[in-house]
Amino acid sequence: MHRRLLKNPAAVAGMLILLAFVLAALLAPYLAPADPTAQDLAARLKPPGAEGHLLGTDRLGRDILSRLIYGARLSLLVSVTSVLIGLALGLPLGLVSGYAGGRLDDFLMRLGDIQLSLPFIVLVIAVMAALGPSLTNTILVLGVTSWVVYARVVRGSVLSLKEQEFALAARAIGASTPRILLRHLLPSALPPLIVVATLELARIIVSEAALSFLGLSGVPPEIPSWGQMLADGREVLYFGGWWVATFPGVAISLVVLGINLFGDALAEVLDPRSR
Amino acid sequence: MIAFLVRRLLLVGVVAWGAATLAFFLLYLSGDPVDLLLPLDASPEARAELRRAYGFDDPLYVQYGRYLWKLLHGDFGVSLRSQEPALGLVLGRMPATLELAGAGLLFALLLGIPAGVLAALKKGTLAELLVMTLALLGQSIPVYFLGLVLIMVFGLKLHWLPISGYGTLRHLVLPTITVGTFVTASIARLTRNGVLQELRSDYVRTARAKGLTERVVVYKHALRNAAIPVVTIVGLQLGTLLSGAVITETIFAWPGMGRFVLLAVEQGDFPVVQASVIVFALLLALVNLAVDLAYLWLDPRVRYA
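Below, the structure is looked at part by part.

Some points on the overall build of chain B
Okay, so step 1: When you go through chain B residue by residue, the secondary structure sums to 13 helices and zero strands.
Okay, so step 2: Written out in order from the N terminus, the α and β elements of chain B read α-α-α-α-α-α-α-α-α-α-α-α-α.
Okay, so step 3: Counting only C-alpha atoms and orienting by the principal axes, one finds that chain B spans roughly 85 × 55 × 30 Å.
Okay, so step 4: A total of 305 residues make up chain B; the buried ones form 50% of that total.
Okay, so step 5: Put simply, 71% of the contacts in chain B that link residues at least 6 apart link residues at least 24 apart.
Okay, so step 6: Looking at chain B as shown, the accessible area adds up to about 15,100 Å², and 67% of this sits on carbon and sulfur atoms.
Okay, so step 7: Looking at charge distribution, chain B has the averaged site of its 25 positive side-chain charges lying 17 Å from that of its 19 negative ones.

Written as C-alpha cells, this is what we have:
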C-alpha cells in the first residue's frame, strides 16, 4: 500500500505539503525568524522582502512569516482534536446503528439528517453565539457536529459487512456482539473511515479559519491564527497591504490541497474497486 | 406520486421541528437564557421582569411547548434591537440571499457541467488535465480567501467591478464567482466521473455498434444518464452553497440573511439568531424537495411508490 501511494505523484505532492505543515507546527520556535507576537510600530505594513521580513509585516509590525509558521500550530491542534472528538462519537454510534438497525438506527440517522439540513456555518455560528466564543468551544463545536459524517460511513460499511459470511460465521460460533463489532467488522470498516477522517481535517481547518475570520472562534489574540491573519489582512486590503491576507490564505489553500491530494490517492489505494 | 409528495413534505416539517428544537435549546446552552436576551449590565429588576415575561421559571417542557406553539402561529420572537418581529426581519433579507445562491448555482452548473463533459470526452489530453487541475484548486481555496483575492485583483487593482454593495448586475459578479467556485469544481469532477462511467456501459457500446454517430451516442445517450448523479451532487452541495453564501455576504456587504445573522450575533440579538436558524433550515429543506422533484423528471425509473 505504501509503495502504491509513493508511486502516485499527486499523493507524494500531498504528503510533502502535509509534512511541511506538520513540521512547521512542531518546530515553530526553531523555524520562525522572529517572535510572532512582537510588535514593531516603526515597521508597520512592510511589503514582502523588506529587511528582516521575508513576507512583510502586518498592521502592528509583526513578522508575517513567523505568524504563518506559528499559525500552523493552531490549525493542526484544532483539526486533529476535532477529528478525534468526531470519531469518538461517530464511530461507536455508526457501529451500533448499523449493526442493531431498527428504531435506534432510524433515530440516529434522522437526527443526522436534521443536522445536515442546516447550512453548517449557520449551525456553528448559532451554537458559538449561544456558548460564547472560546478556543475550547470552537474545538468542541467543530468536533461534535462532525459525528454524523463518521457515523454514516461506519454504518454504511457495517450494513454491507454484517451479512457477509465471515460475520455470520463469527455469530454462528457464538462470538459476542462487542467482539463481532470490534474484532470482525471494525477492521473492514476502517479504510473508508480513514479516508473520510483525512478529508475532514481539511474541512475543520477551513471552518476554524472561517470562524476566526468572522471573529467568532474566540482564539486569544496572542495566539497566531491563519483565519485571524486573513481578517487582519482584509482590513488593510484597501490601503494596498495585499500581502497580509494573501500569505495566510495561500497557506490554508495549500494545506487543504495537500489533504485533498493525499485523501483522493488514499481512497484509490484503499478501495479495491477503483483499481 | 401523491404519497411521495406528502411524505417529502412531512420530512420538511420534521426538519423545521428539529431546527426549532435546536433554536429553543440554544437559549439554554449558556446556562441562563436571560444572559442572551439582555445586555450584561441590565439591572436585576429588568432581569426579573424579563424572566417573568418570558416565563423562564416554568418547567422546561412548558416553555418548549409554548415556544413551538408560538412558532406555529408565526411568532418567532421580537428583535431585541429594533423591537420588530424577528421573522419579518429575516424574511426581508431572503431575496438577496436567494439571488446570490441562485446566481452561484447557475454559474456552477453552466461552467461545471460542460467542463466535466469536456474532461471526460477528452480523457488523457491536456484539456482534461487543465480542467481537473483547476477543479482541484477550486475545491481547495476557501471561500473567504477567494473573495478577498477577487476583491484585490478585479476591484482594487483593475477597477473592473464593485467590491461591495448590492443592486446592479455588476455588483453580483464577484460574489457569484466567490460562492459558486467550490460547487463548480465539485460538479466538474463528478460530471467527468459520471460521463466516463456511462461511456463504458453496455448501452453505449450497443449504440455505437448499431452505427450511431458519436455525437448521438454522447449527447442523446450518455449525457442524459450522467445527469442523474450530477443532480444528486447538486442536492448534496446546496448546504455548502448556502454556507458559502453566508461568508460571501459578509465579505461583499451583501444584504442577505447570512450577513444579517452574523450582525445579530455581534449585537447579541438572540431572537433574530433563532429565527435565522429556522428559516435557513426550512429554505434548505424546500430546495432539497425541489431537487427530488427534478429526479422524477430526469429519471423515469424513479417512481417513489
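Don't stop here, the text continues.
Describing the overall build of chain A
Okay, so step 1: Looking only at helices and strands, chain A has 12 helices and zero strands in total.
Okay, so step 2: Put simply, chain A runs from its N terminus to its C terminus through helices and strands in the order α-α-α-α-α-α-α-α-α-α-α-α.
Okay, so step 3: With the principal axes as the frame, chain A shows a C-alpha extent of 75 × 45 × 25 Å.
Okay, so step 4: Within chain A, residue pairs in contact and separated by at least 24 positions form 71% of the contacts whose partners lie at least 6 positions apart.
Okay, so step 5: When the accessible surface of chain A is split by element, carbon and sulfur atoms take 66% of a total near 12,300 Å².
Okay, so step 6: Across chain A, the mean location of the 21 positive side-chain charges is 8 Å away from that of the 18 negative side-chain charges.

Focus on the packing of aromatic side chains
All names here are of chain B.
Okay, so step 1: Inspection of the entire model under this criterion finds 12 aromatic pairs over all chains.
Okay, so step 2: Between Phe-154 and Trp-160, the ring centres sit 5.8 Å apart and the planes meet at 40°, which makes this aromatic pair tilted.
Okay, so step 3: By relative accessible area, which is 26% here, Phe-154 ends up partly exposed.
Okay, so step 4: Overall, the relative accessible area of 52% leaves Trp-160 in the exposed class.

Some thoughts on the interface of chain A and chain B
Okay, so step 1: Across the boundary between the two partners, chain A contributes 38 residues, which contact 38 residues of chain B.
Okay, so step 2: Taking both partners together, chain A and chain B bury about 3,200 Å²; carbon and sulfur atoms supply 81% of that area.
Okay, so step 3: Summed over the shared surface of chain A and chain B, the result is one salt bridge.
Okay, so step 4: A salt bridge links Arg189(B) to Asp264(A); the shortest N-O distance between them is 2.7 Å.
Okay, so step 5: At the boundary of chain A with chain B, the tally comes to eight residue pairs in polar contact (both at pLDDT 80 or more).
Okay, so step 6: For the side of chain A that touches chain B, the secondary structure elements donating two or more residues are helix 5 (102-116), helix 6 (120-131), helix 10 (177-213), helix 11 (226-236) and helix 12 (242-270) of chain A.
Okay, so step 7: Looking at the side of chain A that touches chain B, the element that brings in the most residues is helix 12 of chain A, giving 12 residues.
Okay, so step 8: Along the lines of polarity and charge, the residues of the side of chain A that touches chain B split into 31 nonpolar, five polar and two charged.

Details of the nonpolar core
Okay, so step 1: Among the nonpolar cores identified, the biggest contains 156 residues, and Trp226(A), Tyr144(B) and Phe270(B) are the most heavily contacted of them.
Okay, so step 2: Counting residues per element, this core draws most heavily on helix 10 of chain A, at 16 residues.
Okay, so step 3: For Trp226(A), the contacting residues outside a window of four places in its chain are Phe21(A), Arg67(A), Leu68(A), Gly71(A), Ala72(A), Ser75(A), Pro248(A), Ala251(A), Ile252(A) and Val255(A).
Okay, so step 4: Val195(B), Leu196(B), Leu199(B) and Val218(B) belong to the second-largest nonpolar core, a separate cluster that totals 11 residues.

Considering the side chain of His171(B)
All names here are of chain B.
Okay, so step 1: Structurally, His-171 is set in helix 9 (residues 169-199).
Okay, so step 2: A distance of 2.8 Å separates the side chain of His-171 from the side chain of Thr-168, its partner in a polar contact.
Okay, so step 3: Those residues in contact with His-171, other than ones at most four positions away along the chain, are Pro-162, Ser-164, Gly-165, Tyr-166 and Trp-254.

So, the pattern of salt bridges
Pairing between side chains becomes possible if they bear opposite charge and their charged atoms approach one another.
Okay, so step 1: Scanning the model with the defined rule gives 15 salt bridges over all chains in all.
Okay, so step 2: Taken together, the shared-partner salt bridges connect Asp58(A), Arg62(A), Arg67(A) and Asp232(A) into one network.

Re the environment of Val80(A)
Okay, so step 1: Position of Val80(A) relative to the elements: it lies in helix 4 (residues 64-100).
Okay, so step 2: Spatially, the C-alpha atom of Val80(A) lies 9.5 Å from that of Glu200(A), the residues being 120 residues apart in sequence.

Calculation rules
- Residues numbered from 1 in each chain as written.
- Chains lettered and ligands numbered in written order.
- Predicted model: local features only at pLDDT ≥ 70, side-chain atom pairs only at ≥ 80, totals over all residues.
- Heavy atoms only, no water.
- Helix = DSSP H or I, 4+ residues; strand = E, 2+ residues; numbered from the N terminus.
- Buried < 20%, exposed > 50% of the residue type's maximum accessible area, 1.4 Å probe, protein only.
- Contact = heavy atoms within 4.5 Å.
- Areas by Shrake-Rupley, 256 points an atom, 1.4 Å probe, with all protein chains shown as cover.
- Lys, Arg positive; Asp, Glu negative; His and termini not counted.
- Charge placed at Lys NZ, Arg CZ, Asp CG, Glu CD.
- Phe/Tyr/Trp six-rings, centres within 6.5 Å; stacked < 30°, edge-to-face > 60°.
- Buried area = accessible area lost by both parts, 1.4 Å probe.
- Salt bridge = Lys/Arg side-chain N within 4 Å of Asp/Glu carboxyl O.
- Polar contact = N/O pair within 3.5 Å; in protein donor to acceptor, adjacent residues only side chain to side chain.
- Nonpolar A, V, L, I, M, F, W, Y, C, P; charged D, E, K, R; others polar.
- Core = buried A, V, L, I, M, F, W, Y, C linked by side-chain atoms within 4.5 Å.

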